[in-house]
Amino acid sequence: MESVVLDWVTGRKKKQKKVAAAPRPVRTEPARPVAAPTPPVVAVTDAEAASEELQSKLLAAFHARIDELEEQFGGCDCGDVEVVFDALRQPDSHEIRQPPNAAQAVLAVCRRRNYSMAELTRLIAKDPALSQALLRHANSAFYLSRFSQKVISIQAAVQRIGTKGVNATVMSQVIEGELSRPGAGLDKIASLVWQHMVRTAPIARGLARAFRQDPEAIYTLGLLHDAGKLVLFDRIADQRKRMRRDLKLPEAFIEIALRLVHESLGGLAALQWGLDPEHAAAIAQHHRQPAVEGMPASEVLFLAERIDLARVRQQPVRLDLWWQEGRLEGDRAKVEQALEAHMAEDEAAA
């Protein structure tokens, strides 16, 4: 089946041509009282329109991939495959498990243009898990290479890593706590996916400036880029709970299902978690098949993922090949410098 190509969503308004106004007629009688105008309907912002457009495209891609998967496994004697198909066909199959209340409150503050540092610190301090995660992030090798001392207070940690760093920390906690434990038979695979995402995030952050991207925003995308796989596991786990038994699914089905649906499902998850359309689109196209121009964030994810997988598999870093496959447009020299720096950090940590 022909793959669905996701278009780049910019949300830009088209320029309208100016039309010369017609001359006003001269009044020949006193003006009549004019009724108060009807309150205008609240206009949809460009960001909201872009988000809705991208969601529509991702849903179309998601269902097209399910069709493709069903062509391969539909009607076969493959255990509970049909149960999974029925679950994915439900209207709410793309709905994502929402973060706990404490995480939602922190994320809501991070999305505001103006917020109080005291308010953000107070919300994080209420949750011990978030507090510990934030301190770990602020004292990671990335920050210790730039600051001479560790921080021991929540306020100092927030000041060091900024709003985007806080956002990355919270999202990491949400994914690890809510989606990384799907249950019997899938925990091992989910753990491998999570470990890959955790390793990819700092690589992506190091590459960000070579593609003119914000390092902390890219770090968050690195943590989320394969979240669609965990969301699929979550759907399977829901069916296991409903049926009160483990589902019997062939390994080939799991492997192909993950490959086909995880990008679109991850993009939908990103939108529902409050990421902007540009970043959600990057997650939805991080394999760059086909490679779309004007999406530097997806270029970073594409390259960071390949670097991590090559290192885990003890394979060589093949920048020439990946540059061509992903049609990358970043600064090659800066990429090589970032790789050297990341390798040095790994050696220092070891």
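Keep in mind it's a predicted model, so treat the numbers as computed, not measured. (Residues numbered from 1 in each chain as written. Predicted model: local features only at pLDDT ≥ 70, side-chain atom pairs only at ≥ 80, totals over all residues. Heavy atoms only, no water.)

A short note on the overall build of the protein chain
Phase 1 of the analysis: Summing up its helical and strand segments, the protein chain has 15 helices and zero strands in all.
Phase 2 of the analysis: In the protein chain, which comprises 350 residues, the proportion classed as buried is 45%.
Phase 3 of the analysis: Surface summary for the protein chain: the accessible area is close to 19,800 Å², and the carbon and sulfur share equals 51%. (Helix = DSSP H or I, 4+ residues; strand = E, 2+ residues; numbered from the N terminus. Buried < 20%, exposed > 50% of the residue type's maximum accessible area, 1.4 Å probe, protein only. Areas by Shrake-Rupley, 256 points an atom, 1.4 Å probe, with all protein chains shown as cover.)

Examining a positive patch on the surface
Phase 1 of the analysis: A contiguous patch of positive charge, built from Arg146, Arg209, Arg212 and Lys334, is present on the exposed surface.
Phase 2 of the analysis: Structurally, Lys334 can be placed in helix α15 (residues 332-349).
Phase 3 of the analysis: We classify Lys334 as partly exposed; its relative accessible area is 43%. (Patch = residues over 30% accessible without salt bridge, like charges linked within 9 Å, V, L, I, M, F, W, Y side chains within 5 Å. Salt bridge = Lys/Arg side-chain N within 4 Å of Asp/Glu carboxyl O. Lys, Arg positive; Asp, Glu negative; His and termini not counted. Charge placed at Lys NZ, Arg CZ, Asp CG, Glu CD.)

Remarks on unusual backbone geometry
As a rule of thumb, non-glycine residues mostly have phi less than zero, and peptide bonds are mostly trans rather than cis.
Phase 1 of the analysis: The residue after Gln289, namely Pro290, is reached through a cis peptide bond having omega 0 degrees.
Phase 2 of the analysis: The topology assignment puts Pro290 in the loop between α12 (277-284) and α13 (296-312).
Phase 3 of the analysis: With a phi close to 55 degrees, Arg288 is a non-glycine residue in the positive phi region.
Phase 4 of the analysis: For Arg327, which is not glycine, the phi torsion reads 50 degrees and is therefore positive.
Phase 5 of the analysis: Mapped onto the secondary structure, Arg327 falls in the loop between α14 (319-325) and α15.

Focus on helix α11 (residues 251-272)
Phase 1 of the analysis: Counted at 1.5 Å a residue, the expected span for α11 with its 22 residues is 32 Å, and the 29 Å between its end C-alpha atoms agrees.
Phase 2 of the analysis: At His262, α11 shows its largest bend, some 50 degrees.
Phase 3 of the analysis: Most of α11 is tucked away: 17 of the 22 residues are buried.
Phase 4 of the analysis: Just beyond α11, the residue with positive phi is Gly274, at close to 95 degrees. (Expected span 1.5 Å × (residues − 1). Bend = angle between axes of the 7 residues up to and from the residue.)

Some words on the packing of aromatic side chains
Phase 1 of the analysis: Summed over the entire model, instances satisfying the criterion amount to four aromatic pairs.
Phase 2 of the analysis: Where Phe85 meets Phe253, the ring centres are 5.8 Å apart and the plane angle is 90 degrees; that geometry is what we call edge-to-face. One end of the pair, Phe85, is in helix α2 (residues 81-89); the other, Phe253, is in helix α11, and 168 residues separate them in sequence. For the pair formed by Phe85 and Phe253, the shared burial category is buried. (Phe/Tyr/Trp six-rings, centres within 6.5 Å; stacked < 30°, edge-to-face > 60°.)

Details of the nonpolar core
Phase 1 of the analysis: Core analysis: the biggest nonpolar cluster contains 93 residues, and Val106, Ile124, Val166, Leu207, Leu303 and Val335 have the highest contact counts within it.
Phase 2 of the analysis: Ignoring anything within four residues of it in the chain, the contact list for Val106 reads Leu120, Leu123, Ile124, Leu130, Val166 and Val170. (Core = buried A, V, L, I, M, F, W, Y, C linked by side-chain atoms within 4.5 Å. Contact = heavy atoms within 4.5 Å.)

Some remarks on the pattern of salt bridges
Phase 1 of the analysis: According to the stated counting rule, one finds 16 salt bridges in the structure shown.
Phase 2 of the analysis: Linking Arg205 and Glu216 is a salt bridge whose minimum nitrogen-to-oxygen distance equals 3.5 Å. Of the two residues, Arg205 is situated in helix α8 (residues 187-207) and Glu216 in helix α9 (residues 215-224); the sequence distance between them amounts to 11 residues. In terms of burial, Arg205 and Glu216 fall into one category: buried.
Phase 3 of the analysis: Residues Asp246 and Arg240 are paired through a salt bridge, measuring 4.0 Å at the closest nitrogen-oxygen approach.
Phase 4 of the analysis: Looking at Asp246, the relative accessible area reads 42%, which means it is partly exposed.

A look at the packing of helix α1 (residues 46-73) against α11
Phase 1 of the analysis: In the contact formed by α1 and α11, the axes pass within 8 Å of each other and the chain directions differ by 170 degrees. Compared by their axis directions, α1 and α11 come out roughly antiparallel. Contacts from Ser51, Leu54, Gln55, Leu58, Leu59, Ala61, Phe62, Arg65, Glu68, Leu69, Gln72 and Phe73 of α1 reach α11 at Ala252, Phe253, Ile256, Ala257, Leu260, Val261, Ser264, Leu265, Gly267, Leu268 and Leu271.
Phase 2 of the analysis: Of the residues that constitute the contact of α1 with α11, the class distribution is 16 nonpolar, five polar and two charged. (Axes fitted to C-alpha atoms, helices over the stretch in contact; angles between N-to-C directions. Parallel < 35°, antiparallel > 145°, perpendicular 65-115°, else oblique. Nonpolar A, V, L, I, M, F, W, Y, C, P; charged D, E, K, R; others polar.)

Describing the environment of His137
Phase 1 of the analysis: Mapped onto the secondary structure, His137 falls in helix α5 (residues 128-138).
Phase 2 of the analysis: Considered as a pair, His137 and Val158 are 21 residues apart in the sequence and their alpha carbons are 9.9 Å apart.
Phase 3 of the analysis: Sequence-distant contacts of His137, that is, excluding residues within four places in its chain, are made with Tyr143, Ile161, Gly165, Ala168, Thr169, Arg205, Glu216 and Tyr219.

Thoughts on the environment of Glu176
Phase 1 of the analysis: For Glu176, the position within the fold is in helix α7 (residues 154-179).
Phase 2 of the analysis: Given the relative accessible area of 29%, Glu176 is considered partly exposed.
Phase 3 of the analysis: Separated by 18 residues in the primary sequence, Glu176 and Trp194 have C-alpha atoms spaced 7.3 Å apart.

Observations concerning the side chain of His279
Phase 1 of the analysis: Inspection of the secondary structure assignment puts His279 in helix α12.
Phase 2 of the analysis: Those residues in contact with His279 that lie beyond four places of it in its chain are Ala217, Leu221 and Ala297.

Description of the confidence of the model for the protein chain
Phase 1 of the analysis: Of the residues in the protein chain, 83% reach a pLDDT of 70 or more, and the chain-wide mean stands at 83.
Phase 2 of the analysis: Taken element by element, the protein chain is modelled with least confidence in α15, mean pLDDT 83, and with most confidence in α13, mean pLDDT 97.
Phase 3 of the analysis: Here residues 1-44 is modelled with pLDDT under 50, and outside its nearest four sequence neighbours on either side it reaches 30 contacts, counting other chains as well. (pLDDT = per-residue confidence, 0-100.)

Concerning the packing of α9 against α13
Phase 1 of the analysis: Running from N to C, α9 and α13 cross one another at 55 degrees; their axes reach a closest spacing of 10 Å. The angle between α9 and α13 falls in the class oblique. In this structure, the crossing between α9 and α13 has a hand that is right-handed. Seen from α9, the contacting residues are Ile218, Leu221 and Gly222; seen from α13, they are Ala297, Val300 and Leu301. (Left-handed = near helix turned anticlockwise from the far one by under 90°.)

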